[in-house]
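Secondary and tertiary structure notes
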Amino acid sequence: MLVTTNTVWQWLGEIPDPEIPVLSLTDLGVIRDVHWQEETLVVTVTPTYSGCPATAVINLDIETKLRSHGITNLRLEQQLSPPWTTDWLTDRGREKLRAYGIAPPVRETGAPSASKGRIARLTGQSDVVVACPRCGSQNTEKVSQFGSTPCKAAYRCRACLEPFDYFKCH
């Protein structure tokens, strides 16, 4: 008897992201598709970026989780196009980031259609306002484009004076 794809999605929703474990892989939006091809379960994964060091760990975690539930015929497919964007983060994932003390990416600033805005952000000329995840103030400043991981930037709140990470738009 085949397991339903809804059940597989639930299992995948239990796998934490290796770099930001407060997020699940489904919160992050890297799982793009789950379907059965005859008796083989096919899971399509889009890495957050092509050189992401966590990709191998993510694939191993997916395989380990599904095999622990008795899935024996499994194929992981990598999908690079369209490229992953922070717009794929779920609302639940954004709230988890905020509660964890990481400012979630500003909505729709990572979409491919916003290429002009992306260029401004990547060159440090963006006027995107990042709210403090601790106090909610929008009176914040970027300290460094580079944070604790490649996907985050370091910010400081001018209101509560606390430093925080911002999950950069991609």
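See the structure above.
Presented here is a report on the structure given in the accompanying data block. Numbers given for residues are sequential positions, taken from 1 along each chain in its written order. Only residues with pLDDT of at least 70 are given local features in this predicted model, and only at 80 or more are side-chain atom pairs given and counted; all residues enter the totals for whole chains, interfaces and linings. The side-chain numbers reported here are obtained from all heavy atoms of the structure, hydrogens and water having been left aside.

What follows deals with the sheet that holds strand S4 (residues 102-103). Two strands in a sheet stick together by hydrogen bonds in their backbones, pointing the same way (parallel) or opposite ways (antiparallel). For two strands to be treated as a pair, DSSP must find no fewer than two bridges joining them. Strands are runs of DSSP state E lasting at least 2 residues, helices are runs of H or I lasting at least 4, and numbering of each runs from the N terminus. As summarised here, the arrangement of the 4 strands in space is S4-S7-S6-S5, forming an open sheet in which the pairing is mixed. If you trace the sheet from one side to the other, it starts and ends with S4 and strand S5 (140-144), each paired once. Judged from the 5 bridges that link them, strand S6 (residues 152-157) and strand S7 (residues 163-167) form a sheet pairing that is antiparallel. Bridged to alanine 154 within S7 is aspartate 165.

Further remarks concern the sheet that holds strand S2 (residues 40-45). One open sheet accounts for 3 strands, arranged S1-S2-S3; its pairing is mixed. Each edge of the sheet is formed by a strand with only one pairing partner; in this case those strands are strand S1 (31-37) and strand S3 (74-78). The sheet shows a mean angle of 20° between the axes of neighbouring strands, taken without regard to direction. In terms of strand pairing, S1 meets S2 through 6 bridges, oriented antiparallel. Within S2, the residue paired with tryptophan 36 across the bridge is leucine 41. The criterion used for residue contact is that any of the two residues' heavy atoms lie within 4.5 Å. To get an axis, a line is fitted to the C-alpha atoms, and for a helix only the part in contact is used. The angle between two axes follows their N-to-C directions and goes from 0 to 180 degrees. Relative to the sheet, helix H1 (residues 5-12) contacts S1 and S2, its axis offset from that of S1 by approximately 140°.

A few words on H1. Remark: exposure states derive from per-residue accessible area (1.4 Å probe, protein chains only) relative to the maximum for the residue type, with buried under 20%, exposed over 50%, and partly exposed in between. Of the positions making up H1, those classed as buried are Val8, Trp11 and Leu12. Seen from one end, H1 has its buried residues packed into an arc of 100°, which puts them on one side. For H1, the exposed residues set more than 90 degrees away from the buried face come down to Asn6 and Gln10. Contacts made by the buried residues of H1 are with helix H2 (25-28), S1, S2 and helix H3 (55-68). It is the directions from the helix axis to the C-beta atoms that the arc portrays.

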